[in-house]
Amino acid sequence: MRIGLDSEKSSVSIRMRTLFGLKEVAKVGVNVEEEVVKKAVEALASAMRDDPSSLVKHEAAYVLGQTENPLAVKYLEGTLSDIGEDPMVRHEAAEALGAIASPDCVEILERYGSDEEQVVRETVEIALMRIAQKSGEKELTTTEHPIYKSVDPAPALNESDGVEKYREMLLNRKLPLYDRYRGMFSLRNLSSTDPRAVQALCEGFVDNSALFKHELAYVLGQVQSPDSVKALSKVLFDQNEHEMVRHEAAEALGSIGTRETNEILAGFLKDKADVVRESCEVALDITEYNQSDQLNYADTISR
Ligand SMILES: [Fe+2]
Ligand SMILES: [Fe+2]
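What you are looking at is a predicted structure, and each value in this text was computed from that prediction instead of being measured. (Residues numbered from 1 in each chain as written. Chains lettered and ligands numbered in written order. Predicted model: local features only at pLDDT ≥ 70, side-chain atom pairs only at ≥ 80, totals over all residues. Heavy atoms only, no water.)

Enquirer: Let's hear about the side chain of Ser233: which residues, and what values?
Expert: With respect to the element layout, Ser233 can be found in helix H13 (residues 229–237). Ignoring sequence-local partners within four residues, the contact set of Ser233 consists of Leu253 and Ile264. (Helix = DSSP H or I, 4+ residues; strand = E, 2+ residues; numbered from the N terminus. Contact = heavy atoms within 4.5 Å.)

Enquirer: Summarise helix H16 (residues 274–291); cite the residues concerned and give the values.
Expert: Each turn of an α-helix holds 3.6 residues, which means side chains three or four residues apart point in the same direction. For H16, with 18 residues, the first-to-last C-alpha span of 26 Å sits near the 26 Å given by 1.5 Å per residue. In this structure, the buried residues of H16 make contact with helix H2 (12–26), helix H4 (54–67), helix H6 (87–100), H13, helix H14 (243–256) and helix H15 (259–266). (Expected span 1.5 Å × (residues − 1).)

Enquirer: I'd love a proper account of the environment of Pro226, names of residues and values included.
Expert: With respect to the element layout, Pro226 can be found in the loop between helix H12 (210–223) and H13. When its relative accessible area of 54% is taken as the criterion, Pro226 is described as exposed. (Buried < 20%, exposed > 50% of the residue type's maximum accessible area, 1.4 Å probe, protein only.)

Enquirer: Lay out the UniProt feature "binding site: Fe cation 2" (unreviewed entry) in the protein in plain terms, naming residues and giving numbers.
Expert: UniProt feature "binding site: Fe cation 2" (unreviewed entry): in the numbering of this structure it lies at His214, Glu215, His247 and Glu248. These annotated residues cover 35 residues of sequence, and their C-alpha atoms all fall within 11.1 Å of one another, placing them together at a single site. Secondary-structure assignment places His214 in helix H12. Overall, His214 belongs to the buried group, its relative accessible area being 1%. (UniProt positions renumbered as here; feature names shortened; annotations may be inferred.)

Enquirer: A description of the pattern of salt bridges should follow, citing residues and the corresponding values.
Expert: Counting across every chain of the model gives 19 salt bridges. Asp194 serves as the salt-bridge partner of Arg196, at 2.8 Å between the closest nitrogen and oxygen. Salt bridges linked by common partners bring Glu77, Glu107 and Arg111 together as one network. (Salt bridge = Lys/Arg side-chain N within 4 Å of Asp/Glu carboxyl O.)

Enquirer: Just give me the short version of the packing of H6 against helix H8 (residues 118–136), but keep the residues and values in it.
Expert: Their axes nearest at 8 Å, the elements H6 and H8 cross at an angle of 5 degrees. As summarised for this structure, H6 and H8 are arranged roughly parallel, according to the angle between their axes. Where H6 abuts H8, its residues Pro87, Arg90, His91, Ala94, Glu95, Leu97, Gly98 and Ala99 lie against Val119, Val120, Thr123, Val124, Ala127, Arg130 and Ile131. When grouped by side-chain class, the residues that make up the contact of H6 with H8 number 9 nonpolar, 3 polar and 3 charged. (Axes fitted to C-alpha atoms, helices over the stretch in contact; angles between N-to-C directions. Parallel < 35°, antiparallel > 145°, perpendicular 65-115°, else oblique. Nonpolar A, V, L, I, M, F, W, Y, C, P; charged D, E, K, R; others polar.)

This is the structure:
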């Protein structure tokens, strides 16, 4: 475990894989000794704080959220409060607090509702709405899906004929981001039976919010449809796009994993932005991993 997270000895891809392994131990409800769970949470927290790569740091924050383990709250608070930290990492810490959703998370998140960074502000807004809804209603249970196991920032709705309605929710910039996210996750859930859902998701890339676009790329990575390769590569090729969005597009292409995506990703292994370059390396590793007989880890990659 130690070696897996040691940046001097292990590549970014190995460190990312190690984080996913730790998630299985740190997750709430697993049958593992308390002391071991605590150690796994601490190892994730030190990767989030000390790894030299923002990509690994933000992934560690994401994994801490996916564990839904309240032991992670104090560490996530530390990262969110560090204004010198990469906004992508702080965003992921805020989102993780929304996923854990213990009572103290609300008070912490509320302090960052007017943060200088748009991606942090928007994440806080969505996370607080998720927690409010979770404590008020049972509706959040609809996030459980047989294919997509991630803990999502907003629950999907479940109308089997709702593609048009969800597309409208997704693209309507007058709606709160939380509702647009609900449209997004609802489209994701319909994507295996209705190709119009993938098309609608791809339409969303014309938007002002980097957060919204990075989430779209994440969702398309979960869907793994070759129909989204064109839209995702357009994002990756756009040097003016926010690097958080380009990073997510690269990893989504890795999850789709065709010869075409391999070629595209290989072309960005020397990208100027560290987070994009490293994401392409990880994306090619995802493809390789998914194509070997190992478990598919589309759901484990962070948003
Ligand atoms: Fe994210
Ligand atoms: Fe990400």
